[in-house]
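So the chains spell out like this:
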Protein chains: 2
Amino acid sequence: MAADVERVYPAGQVALREVGLRDGLQLTKAFPSTAAKSDWIRREHAAGVRHFEVGSFLPASRFPQFADVRALADLVNGLGAHSLGLALNERGARDALAAGVTELTVVMSATEAHNMANARRPREQSLAEIAGTVRLRDDAGSATLINVGIAMATGCSLSGAVDPAEVERLAAACLEAGADLVGIADTVGYGGPRQIADLCRRMTALMGGRPYVVHLHDTRGMGLANALAAYDAGARVFDASLAGLGGCPFAPGATGNVVFEDLVYLFETAGIRTGIDLEEVIAVREILSREMPDETLHGTLAQAGPPKGMTWQARAA
Amino acid sequence: MAADVERVYPAGQVALREVGLRDGLQLTKAFPSTAAKSDWIRREHAAGVRHFEVGSFLPASRFPQFADVRALADLVNGLGAHSLGLALNERGARDALAAGVTELTVVMSATEAHNMANARRPREQSLAEIAGTVRLRDDAGSATLINVGIAMATGCSLSGAVDPAEVERLAAACLEAGADLVGIADTVGYGGPRQIADLCRRMTALMGGRPYVVHLHDTRGMGLANALAAYDAGARVFDASLAGLGGCPFAPGATGNVVFEDLVYLFETAGIRTGIDLEEVIAVREILSREMPDETLHGTLAQAGPPKGMTWQARAA
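Thresholds applied
- Residues numbered from 1 in each chain as written.
- Chains lettered and ligands numbered in written order.
- Predicted model: local features only at pLDDT ≥ 70, side-chain atom pairs only at ≥ 80, totals over all residues.
- Heavy atoms only, no water.
- Helix = DSSP H or I, 4+ residues; strand = E, 2+ residues; numbered from the N terminus.
- Rg over C-alpha atoms; globule rule 2.2 N^0.38 Å.
- Contact = heavy atoms within 4.5 Å.
- Areas by Shrake-Rupley, 256 points an atom, 1.4 Å probe, with all protein chains shown as cover.
- Lys, Arg positive; Asp, Glu negative; His and termini not counted.
- Charge placed at Lys NZ, Arg CZ, Asp CG, Glu CD.
- Pairing = 2+ DSSP bridges.
- Axes fitted to C-alpha atoms, helices over the stretch in contact; angles between N-to-C directions.
- Core = buried A, V, L, I, M, F, W, Y, C linked by side-chain atoms within 4.5 Å.
- Buried < 20%, exposed > 50% of the residue type's maximum accessible area, 1.4 Å probe, protein only.
- Buried area = accessible area lost by both parts, 1.4 Å probe.
- Salt bridge = Lys/Arg side-chain N within 4 Å of Asp/Glu carboxyl O.
- Polar contact = N/O pair within 3.5 Å; in protein donor to acceptor, adjacent residues only side chain to side chain.
- Right-handed = clockwise from strand over helix to strand, strands pointing away.
- Least-squares fit on C-alpha atoms with pLDDT ≥ 70 in both.
- Phe/Tyr/Trp six-rings, centres within 6.5 Å; stacked < 30°, edge-to-face > 60°.
- Lys NZ or Arg CZ within 6 Å of the ring centre and 35° of its normal.

**Q** I keep staring at the overall build of chain A and nothing clicks. Help me out?
**A** Regarding its fold elements, chain A presents 12 helices and eight strands. The C-alpha atoms of chain A give a radius of gyration of 18 Å, which matches the 20 Å a tight globule of 317 residues would have. Its C-alpha atoms give chain A principal-axis dimensions of roughly 55 × 40 × 40 Å. Long-range contacts, defined here as pairs at least 24 residues apart, represent 73% of the contacts in chain A between residues at least 6 apart. For chain A, the computed accessible surface area is about 11,500 Å², with 49% contributed by carbon and sulfur atoms. Positive and negative side-chain charges of chain A, numbering 29 and 37 respectively, have mean locations separated by a distance of 1 Å.

Set out below in structure tokens:
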């Protein structure tokens, strides 16, 4: 079944995806109740957010923070927004397809060493399994998009430097395997803006007008500079999480995803419309303060507020 | 006396100026002992830092944090590095010249409203006083450079938006008044990267090869993205403070200056040599932790450390 990428990611428009409900909760001890998560989604949707990663399809016994992933997918779909889910194996993929998420992300690593350590299989086997997931989707008559997130795309905690040409090769192999989308992830925050720009220029050329996802972590403070560099190199789809929720499994204690609200502000001040109401999104942080009181909320914008007395929002084109 | 700008800021090289000892201590209740400040300077100097703002020339009775400004200027000068000082009036300027700082910064605001509120005089009078400071310098046979910092250059907490053409006009008037350097300050962190790029392109053209200073605050998280945008537009001289020390007098509780060590990392990952050893600078944060235990130290890089197993430093040209 032809997957309608263009409907989910209209050409030329920036899409900021809220991944706090999945990546943001991956490692936290406390997590919001389903009611609070639903409120989070509804309020961000009202503020203009249209893409929500709602969870991982994993056994609820071991990952209670994602036990409500199906209910949240239903909620997002019911709002007419786009639900994104993660699966780490075939069972998860079947569950995600059954749940009717708009997009299913499967992960592979840019390096052989990390793929072996993380997924316990060579990258070639991961690519074969991606093709299998695409077949599964097609056999089910599902419209779910298949996205492959390439972890460690800018440097690997095990192997060090990663050749961008190798990421390009893997991305092409993912498309060959039938993936609708590819994502490049600065998983451990090793990337700097020139490097991200180089990688994104390659991805823009490779994808030939199709969108690709840029997943940045702010581990070393480069998140926003990297995001702008990626945009300038042609990237239009960005992951981020409210209050930068989410650490990094390979860098304990480190800052997490790029801060969603700061990314909105960055783009708007740069004249790039996001369609998102910044102050409404900032206000949603109160849910996190209440539900996860021990979690550090990142981002300085929430404290300072947007500038007063001047226009900083991008104007309508 | 011809002031030797080129000796202090070699053409084409990036200069990162440590302003933590002045701007960073402007508003703090606690401040390091002179011995600790000296250690801070010596250790950063050993790490490759060559420009230190050592304090404000203000009455020690009201500003005890700057009582040792002369001793610190002597220390920096004795190391063969460049000492920078701030003065808010003629008395301060005389003291700064007597202390033999490499560079004296005087401040005016981009907007009439803020200049009146902050300095209680119209901008025209400030410009006349700048000319007076230059005469004072020349009459004293001093080699001190005169830098005019233009506050609120990207937006004003009182007047809102600031026309970059107006900043350009003021910068030209400062040069006309005899200033050796001009600085543009995003005092309240209103600037975004496109705006900073626009302003810096204008400044690069105006200055015709002479350096100008970019003074960024990270109040809204844009500090590093703005710094890279400024560099790409031709800026080479940047202010920053260790651990982002320093708030903003017009935005209580807000994040301070752009984080020095993060700026080093940003440039190095972008292939731009700073001449500064990142890990040695990060280690100096311990002085702040010890001497100012209640102060928030900003910057995520210090927690995560630079990437392991890969080259992120700019290579020798």
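Okay, back to it.
**Q** Explain the sheet that holds strand E3 (residues 82-86) of chain B to me, please; I cannot follow it from the model alone.
**A** The strands that make up a sheet pair up through hydrogen bonds in the backbone, lying either parallel or antiparallel. All names here are of chain B. One closed barrel accounts for eight strands, arranged E1-E2-E3-E4-E5-E6-E7-E8; its pairing is parallel. The sheet shows a mean angle of 30 degrees between the axes of neighbouring strands, taken without regard to direction. Where strand E6 (residues 181-186) meets strand E7 (residues 213-216), four bridges bridge the pair, whose relative direction is parallel. What sits directly across from Gly183, in E7, is Val213. Its contacts with the sheet place helix H2 (residues 34-46) against strand E1 (15-18) and strand E2 (51-56), and it is angled at close to 165 degrees to E2.

**Q** Could you clarify how one ought to interpret the nonpolar core in this entry?
**A** A general feature of soluble globular proteins is that nonpolar side chains tend to end up buried together. Core analysis: the largest hydrophobic core is formed by 195 residues, its most contacted members being Phe238 and Leu263 of chain A together with Phe238 and Leu263 of chain B. If near-sequence neighbours (up to four positions away) are discounted, Phe238 of chain A is found in contact with Ala15, Leu16, Arg17, Val214, Ala227, Ala230, Tyr231, Leu263 and Phe267 of chain A.

**Q** Any chance you could explain the interface of chain B and chain A here in plain terms?
**A** Where interface size is given, it is often the accessible area lost as the parts come together that is meant. Taken together, the contact pairs 41 residues of chain B with 41 residues of chain A. Approximately 2,900 Å² of surface area, both sides summed, lies buried where chain B meets chain A, with 60% of it carried by carbon and sulfur atoms. Summed over the shared surface of chain B and chain A, the result is two salt bridges. Where Asp232 of chain B meets Arg194 of chain A, a salt bridge forms, and the shortest distance between an N and an O atom there is 2.8 Å. Put simply, chain B and chain A have 12 residue pairs in polar contact (both at pLDDT 80 or more) between them.

**Q** Can you walk me through the pairing of strand E5 (residues 145-151) of chain A in this structure?
**A** In regular strands, side chains alternate between the two faces of the sheet. Residue and element names in this part refer to chain A. Counting buried positions along E5 yields seven of seven residues, so the element is predominantly enclosed. The alternating pattern of E5 places Leu145, Asn147, Gly149 and Ala151 on one face and Ile146, Val148 and Ile150 on the opposite face, and all of these are buried. Here strand E4 (residues 103-109) runs beside E5; their pairing, made up of seven bridges, is parallel. Directly across from Leu104, in E5, lies its bridge partner Ile146. Alignment of E5 against strand E6 (residues 181-186), held across four bridges, turns out to be parallel. Note on E6: the bridge partner recorded for Gly149 is Gly183. You can see the chain leave E5, run along helix H7 (residues 164-176) and come back into E6, and the turn it takes is right-handed.

**Q** Mind showing me how you'd approach helix H10 (residues 260-269) of chain B here?
**A** Owing to its 3.6 residues per turn, the α-helix aligns residues three or four sequence positions apart on the same side. Residue and element names in this part refer to chain B. Counting buried residues along H10, 10 of its 10 residues qualify, which places the element largely inside the surrounding structure. Restricting attention to buried positions, one finds in H10 the residues Phe260, Glu261, Asp262, Leu263, Val264, Tyr265, Leu266, Phe267, Glu268 and Thr269. Of the residues one or two after H10, Gly271 is the one with positive phi, at around 80 degrees.

**Q** Looking at this model, I keep getting lost on the relation of the copies chain B and chain A. Mind explaining?
**A** Superposition of the two copies of the chain requires a rotation about an axis and a shift along the axis. The two copies are related by a screw operation: chain B maps onto chain A through 180 degrees of rotation and 0.0 Å of translation along the axis, at an RMSD of 0.0 Å. Seen this way, the second copy is the image of the first under a two-fold rotation axis. No C-alpha of chain B approaches the rotation axis more nearly than that of Ala225 of chain B, which lies at 2.0 Å.

**Q** Please explain the side chain of Asp262 of chain A as it appears in this structure.
**A** One can find Asp262 of chain A in helix H10 (residues 260-269). No salt bridge is formed by the buried Asp262 of chain A. Its closest oppositely charged neighbour is Arg285 of chain A, at 6.0 Å.

**Q** What exactly am I supposed to notice about the sheet that holds strand E8 (residues 237-240) of chain A here?
**A** All names here are of chain A. Taken together, eight strands build a closed barrel; the order of strands is E1-E2-E3-E4-E5-E6-E7-E8 and the barrel is parallel. For this sheet, the mean inter-axis angle between neighbouring strands, taken without regard to orientation, is 30 degrees. In the sheet, strand E7 (residues 213-216) pairs with E8 via three bridges, with the strands oriented parallel. Bridged to His215 within E8 is Asp239. Set on the sheet, helix H3 (residues 69-78) makes contact with strand E2 (51-56) and strand E3 (82-86); between it and E2 the angle comes to about 165 degrees. Seen against the sheet, H10 touches strand E1 (15-18) and E8 and runs at an angle of roughly 170 degrees to E1.

**Q** So what exactly am I meant to see when it comes to the packing of aromatic side chains here?
**A** Given two aromatic rings, one states the distance between the centres and the angle between the planes to describe the pair. As enumerated under the stated definition, the model contains six aromatic pairs over all chains in all. With centroids separated by 5.2 Å and ring planes inclined at 55 degrees, the aromatic side chains of Phe238 of chain B and Phe267 of chain B adopt a geometry described as tilted. You can see Phe238 of chain B sitting in strand E8 (residues 237-240) and its partner Phe267 of chain B sitting in helix H10, a full 29 residues away along the chain. Here the two residues Phe238 of chain B and Phe267 of chain B agree in accessibility, since each one is buried. Measuring from ring centre to ring centre gives 5.3 Å for Tyr265 of chain B and Trp312 of chain B, while their planes differ by 50 degrees; the resulting arrangement is tilted. Residue Tyr265 of chain B is found in helix H10, and its partner Trp312 of chain B is found in the segment after helix H12 (301-304); the two are separated by 47 residues along the sequence. In this structure, Tyr265 of chain B and Trp312 of chain B share a single accessibility class: buried. Within the aromatic cluster, the residues linked to one another by ring pairs are Tyr231, Phe238 and Phe267 of chain A. Seen from the ring of Tyr231 of chain A, Arg236 of chain A lies directly overhead, with NZ or CZ sitting 3.8 Å from the centre.

**Q** What is the right way to look at the pattern of salt bridges in this model?
**A** Pairs can form between side chains of opposite charge once their charged atoms are near each other. Residue and element names in this part refer to chain A. Under the definition given, this model contains 40 salt bridges over all chains. Asp68 is the salt-bridge partner of Lys37, the closest N and O atoms lying 2.8 Å from each other. In this pair, Lys37 sits in helix H2 (residues 34-46) while Asp68 sits in the loop between E2 and H3, placing the two residues 31 residues apart along the sequence. Of the two residues examined, Lys37 and Asp68, each falls in the buried class.

**Q** I keep staring at the pairing of E3 of chain B and nothing clicks. Help me out?
**A** Residue and element names in this part refer to chain B. Within E3, five of the five residues are buried, which leaves it mostly tucked inside the rest of the structure. Pairing geometry for E2 and E3, over five bridges, is parallel. Bridging from a neighbouring strand, Gly55 pairs with Gly85 of E3. This β-α-β element, E2 to helix H3 (residues 69-78) to E3, shows right-handed connectivity. Alignment of E3 against strand E4 (residues 103-109), held across three bridges, turns out to be parallel. Looking across to E4, one finds that Leu84 is bridged to Glu103. Crossover handedness for the path E3 to helix H4 (residues 90-99) to E4: right-handed.

Worth remembering: the numbers are spatial, not functional.
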